[in-house]
Amino acid sequence: MRIMPDRAVCGGGADRGRIAVLAARLAVVALLLLAPVGQLAALGPYGHTVLGLYKSSDGQSEKENEVFFYLSNPLGKMGLKVRYWDVDRGLPPESALSDVRAVVSWFRGSSMSHPLDYLAFLNRVMDSGAKVVVMDNLGAYQDRDSGDYVSTGLLNPTLERLGLIYLGDWTDNPALIRVAQVDKAIAEKGGAQDPAYSAFFYRFLQVDRDLDVYLSLQRSDRSYGESPVVVTNRNGGFALSRYIYRVEAGKVRMLLDLEAFMRRALFPRRTDESIALLADTSDRRAAKILSLTEPVLSRDKLPTTVIPATDLPAMVPGDLDRFTVVGLILNGDSGLDPEVIKSYLHSGGSVVSLKRGSFDRLASLLAMRDYTVPSTTQEGYKFKPGFLMAESFDARDDGFTWDPGPRLAATDAEILASSANGRVPLLWRANREGGTVIVWNWNALETGDFQGAILSSFLSVRPIGVAATAGVAMMEIDDFPLPMYNVVKPPLSIKDTDFYYTVWWPQMRQIFRSRGIPFSAYAVFNYNDRTSPPFPTGEFYSAAKQESVEIGRDILDSRNELGLHGYNHISLTTEKTPVNVRPWPSIDDMVKALGEARREWVNLFGAHTLPFSYVAVNNIISADGIEAVHRAFPSIHVIAALRSGSESETGMAFGADPDNPALYYIPRNSWGYQNEPDSRMRVVSAMSGPGIWTHFVHADDVFDKYRSQGMGWDQLRSNFTDLLDFARKNYPWVRFLTVRDGYSALQEMDDSQASFRVRGNRLSVRGTPGLLLRVRFNNGPARSMTGLETVYTYKSVPEMILKLTTGDASIDF
């Protein structure tokens, strides 16, 4: 199908001369800038420049073109300036694009030299995150040099990014054209659309479900649907010729509200639930909070965009409007125009500030007021019931110390958490400018113990908060089975072998069995300090009756899992740390030592039982160590360290290794036998954050004064059973799995899809059937649900756990 020159999309060449003269009379002078900076790779969604394209072959010039005449003034009101470029000179160089956020064209003719290069340029612009707005004629329908018309198959990749597919079927018979639908406020602000005047029709098909259509046409002699001709979407906008303006009595009547249209094209409306994180990635604490926040949001199917603090000065009001929630992980508001946040809240957005900071210009928007007396380090915290997802939990820890920020909560803010004595607010919520803000007044979110509180914050500022959840728990035993030396060690009065085999092992096995909880144990073969060959063996056989071997075989014969903790108890790293004082000389030495462990495993348990998962010794492992495990044990697919630990420990997020898809990380987020406030908070944080609780203990904790806190085995055992029962009481919907089975469950969740959309009082969900959802009702309970099955309803928190039963579901609330 060919596009004829006079019928080209946005054609109408007969009026061009008159319109150019009239436009000149109506023009508003704009500031012209042409600053050669940056690279094409830097082109993106932020910056203060719009690149206005014209063609000198159309009789246009830098100050004689429709972008200059009609758009420079409305763009200036948005805080943007226009730089002009004649495409007849060729495509803009990289130096002219680095500060460009959008490319706008308003051509008069349909041909140009090298149209395919031009279309590819527009595609790159949109793919970079910048916007493209096509006014009037796309201008690339015909190669001026060869006379050849561009096929629709090569036009449509560009138009498709703007939400349309071109299907031709042109007519200029006004009797066959009618207005199918129109947004009068935008497409008819200057007068009614009149097909008798326009007499111009092409068939376009809407291919973007989120396309905003302001004008669509219909052919009365065709049975197909409407043809959208004035539209915007997330990539920009498109306005068809003859429907932008018309000429009456020698004057231009602009039908389209250009300012409103450009705002919609450059600042798309929010659609699905999505989150922006404005983060100072150069700050250590902010970077740590970001490293804990972004993965839990993404894992729970909440799309997240990280905007570094270096981009903030280039933002203008409207830039955040496409997000449903904005998270601040900043030390202060330097470089961020308060109007950006103010206009965002005014549009109905919500803000969660995750880090204390010196927010001088944003103080009123974040519901802050000055201290009358400077605050000092605080002892303890307590949360208001109902904020964290737990059925029976007093979220309080009197021993946790923290430093508050330089301001208090405003008098109209709702205090959600405070210091233990209630004097200093830790967390507050308030309504501002039509939106909701939640503000954290500490830096403790960097510790990793409060991921559930992070997610709860984002869910609590929406009319209805929703996220996917894994709903799995994994119990792990490090250093077990282990070498047993037939010796008496304080504080026990029996031999270590007898304690492990006749006391600890039977009782732990019964604790798990009575609660229907499978577990994963991790064997270590030696406790020598060898990091260079030769690598001796034999410690694993030290027990008088080979109890270590018997326990290992017992685990393999059960529904539980036996994994690997190492050849010996030296962390797999070539770096010396305060914990790991004997680093390995090389990766080859690690592989050789692990090779001895593999040989011993095969001899004891058989090649068919080789381990599926590995737990890092001391929770420390390097990239070299991970490679060594993979080389020595191809059967191992899961690596575990900590989700968040000390600086010397290895922190990792749940998910596949980005460089080796054969490996998957399932870190641990709690530990020990204790049932203390901080232990319970880790459980709550894990379950109500990623929805994954991974907990580990050691068989030899009773011998370690630090890990046992001086308690005997009976007290440790009692505390541990209380902690397990606390978890099961608060999260009865969670499945307990071995790490091997947990890997399968998490991969299944990774492969699942989900999108969430709130419109009015309805939440719409599209996703993979079987996916678990966590839903928080902030504006009252659900009135009805479709496509969802209730898994659990909390009594003390306005939350439910639901399961998708169909690909499309909804909740009216």
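Residues numbered from 1 in each chain as written. Predicted model: local features only at pLDDT ≥ 70, side-chain atom pairs only at ≥ 80, totals over all residues. Heavy atoms only, no water.

**Focus: the overall build of the protein chain**
Along the backbone of the protein chain there are 18 helices and 43 strands. Along the first, second and third principal axes, the C-alpha set of the protein chain runs to 105 × 60 × 50 Å. When each of the 813 residues of the protein chain is scored for burial, the buried share is 59%. Summed over its atoms, the accessible surface of the protein chain is roughly 30400 Å², and 49% of this surface lies on carbon and sulfur atoms. The protein chain carries 87 positive and 94 negative side-chain charges, and their two centres are separated by 4 Å. (Helix = DSSP H or I, 4+ residues; strand = E, 2+ residues; numbered from the N terminus. Buried < 20%, exposed > 50% of the residue type's maximum accessible area, 1.4 Å probe, protein only. Areas by Shrake-Rupley, 256 points an atom, 1.4 Å probe, with all protein chains shown as cover. Lys, Arg positive; Asp, Glu negative; His and termini not counted. Charge placed at Lys NZ, Arg CZ, Asp CG, Glu CD.)

**A short note on the side chain of Asn580**
Its location among the elements puts Asn580 in the loop between strand E29 (561-566) and helix H13 (587-605). A residue is classified by how much of its surface remains accessible, and Asn580, at 2% relative accessible area, is buried. Discounting residues that sit within four places of it in the chain, Asn580 has contacts with Ile570, Ser571, Thr573, Glu575, Asn618 and Ile620. (Contact = heavy atoms within 4.5 Å.)

**Here's the deal with the sheet that holds strand E41 (residues 788-793)**
Ordered by their spatial adjacency, 4 strands build an open sheet running E26-E39-E42-E41, and the pairing between neighbours is antiparallel. A strand with exactly one partner marks an edge of an open sheet, and here the two such strands are strand E26 (464-468) and E41. With direction set aside, neighbouring strand axes in the sheet form an average angle of 30°. (Pairing = 2+ DSSP bridges. Axes fitted to C-alpha atoms, helices over the stretch in contact; angles between N-to-C directions.)

**Examining the environment of Leu53**
Looking at the secondary structure, you find Leu53 in strand E1 (residues 49-54). The spacing of Leu53 and Gly348 is 295 residues in sequence and 34 Å in space, taken between C-alpha atoms. Setting aside its immediate chain neighbours within four residues, Leu53 contacts Val67, Trp85, Val87, Val103, Val104, Ser105, Trp106, Phe107 and Tyr118.

**Some remarks on the nonpolar core**
Where a protein is soluble and globular, its nonpolar side chains tend to be buried together. Counting residues in hydrophobic clusters, the biggest one holds 164 residues, and the most contacted among them are Phe383 and Trp440. Residue contributions to this core peak at 9 residues, all from H13. Among all residues touching Phe383, those that are not within four sequence positions of it are Leu388, Ala395, Leu416, Ala417, Leu426, Leu427, Trp440 and Met681. By size, the runner-up hydrophobic cluster in this structure holds 78 residues, among which are Val104, Leu155, Tyr243 and Met262. (Core = buried A, V, L, I, M, F, W, Y, C linked by side-chain atoms within 4.5 Å.)

**Description of the pairing of strand E43 (residues 808-812)**
For E43, the buried fraction is high: 4 of the 5 residues fall into the buried class. The sheet contact formed by strand E38 (residues 762-767) and E43 spans 5 bridges and is antiparallel. Following the sheet pairing, Arg766 is matched in E43 by Asp808.

**Concerning unusual backbone geometry**
A cis amide bond links Phe480 to the next residue, Pro481, at an omega of -5°. Looking at the secondary structure, you find Pro481 in the loop between strand E27 (472-478) and helix H11 (496-514). Of note, the amide linkage connecting Pro490 to Pro491 takes the cis form, showing an omega dihedral of 10°. Here Pro491 is to be found in the loop between E27 and H11. The phi angle at Gln546 is positive, at roughly 60°, despite the residue not being glycine.

**As for the layout of surface pockets**
Approximately 1200 Å³ is the volume found for the largest pocket. Leu642, Ser646, Glu649, Trp671 and Tyr706 are the residues nearest the centre of the largest pocket, which is lined by 40 residues in total. Breaking the lining of the largest pocket down by element, the ones donating at least two residues are helix H8 (284-299), helix H15 (677-688), strand E35 (692-698) and helix H16 (705-708). Class assignment for the residues of the lining of the largest pocket results in 9 nonpolar, 15 polar and 16 charged. Lining the second largest pocket we find 26 residues, and of these Arg234, Arg269, Thr271, Ser274 and Arg322 sit closest to its centre. Of all the secondary structure elements, the ones that give two or more residues to the lining of the second largest pocket are strand E16 (304-308) and strand E37 (754-759). (1 Å grid on protein atoms, 1.4 Å probe; cavity = no way out; pocket = protein on both sides within 12 Å on 5 of 7 lines; lining within 4 Å. Points joined across faces, edges and corners; volume = space filled by probe spheres on them. Nonpolar A, V, L, I, M, F, W, Y, C, P; charged D, E, K, R; others polar.)

**A short note on the pattern of salt bridges**
Counted under the stated rule, the structure contains 49 salt bridges. Note that Arg222 and Asp169 form a salt bridge whose closest N and O atoms lie 2.9 Å from each other. With Arg222 in the loop between strand E10 (212-219) and strand E11 (227-233) and Asp169 in strand E7 (residues 164-171), this pair connects stretches of sequence that are 53 residues apart. What makes Arg222 partly exposed here is its relative accessible area of 34%. Overall, Asp169 belongs to the partly exposed group, its relative accessible area being 23%. The residue Arg515 makes a salt bridge to Asp725 at a minimum N-O spacing of 2.8 Å. Highlighted residues: Arg515 in the loop between H11 and strand E28 (519-524) and Asp725 in helix H17 (residues 713-730), separated in sequence by 210 residues. On the basis of relative accessible area, Asp725 is assigned to the partly exposed category, the value being 33%. Each of Asp169, Arg219, Asp221 and Arg222 takes part in one network of salt bridges that share partners. (Salt bridge = Lys/Arg side-chain N within 4 Å of Asp/Glu carboxyl O.)

**Observations concerning the pairing of E28**
Burial runs high along E28: 6 of the 6 residues are buried. By the alternation rule, side chains of E28 split into Phe519, Ala521 and Ala523 and Ser520, Tyr522 and Val524, which are all buried. The pairing of E27 with E28 spans 3 bridges and is classified as parallel. Residue pairing for E28: Met475 is matched across the bridge by Phe519. Crossover E27 to E28 through H11 is right-handed. Each parallel crossover has a hand, and for E28 linked through helix H12 (residues 547-556) to E29 it is right-handed. (Right-handed = clockwise from strand over helix to strand, strands pointing away.)

**Comments concerning the sheet that holds E11**
With mixed pairing, 8 strands are arranged side by side in an open sheet as E2-E1-E3-E5-E12-E11-E10-E8. Lying at the two open borders of the sheet, with one neighbouring strand each, are strand E2 (81-86) and strand E8 (177-182). Averaged over all pairs of adjacent strands, the angle between their axes in this sheet comes to 20°, without regard to strand direction. As defined by bridge partners, E1 adjoins strand E3 (residues 100-107) across 5 bridges and the pair is classed as parallel.

**Comments concerning a nonpolar patch on the surface**
Taken together, the side chains of Leu167, Leu205 and Val207 present a nonpolar region at the surface, about 210 Å² in accessible area. Among the structural elements, Leu205 can be located in strand E9 (residues 201-206). With relative accessibility at 39%, the residue Leu205 sits in the partly exposed group. (Patch = residues over 30% accessible without salt bridge, like charges linked within 9 Å, V, L, I, M, F, W, Y side chains within 5 Å.)

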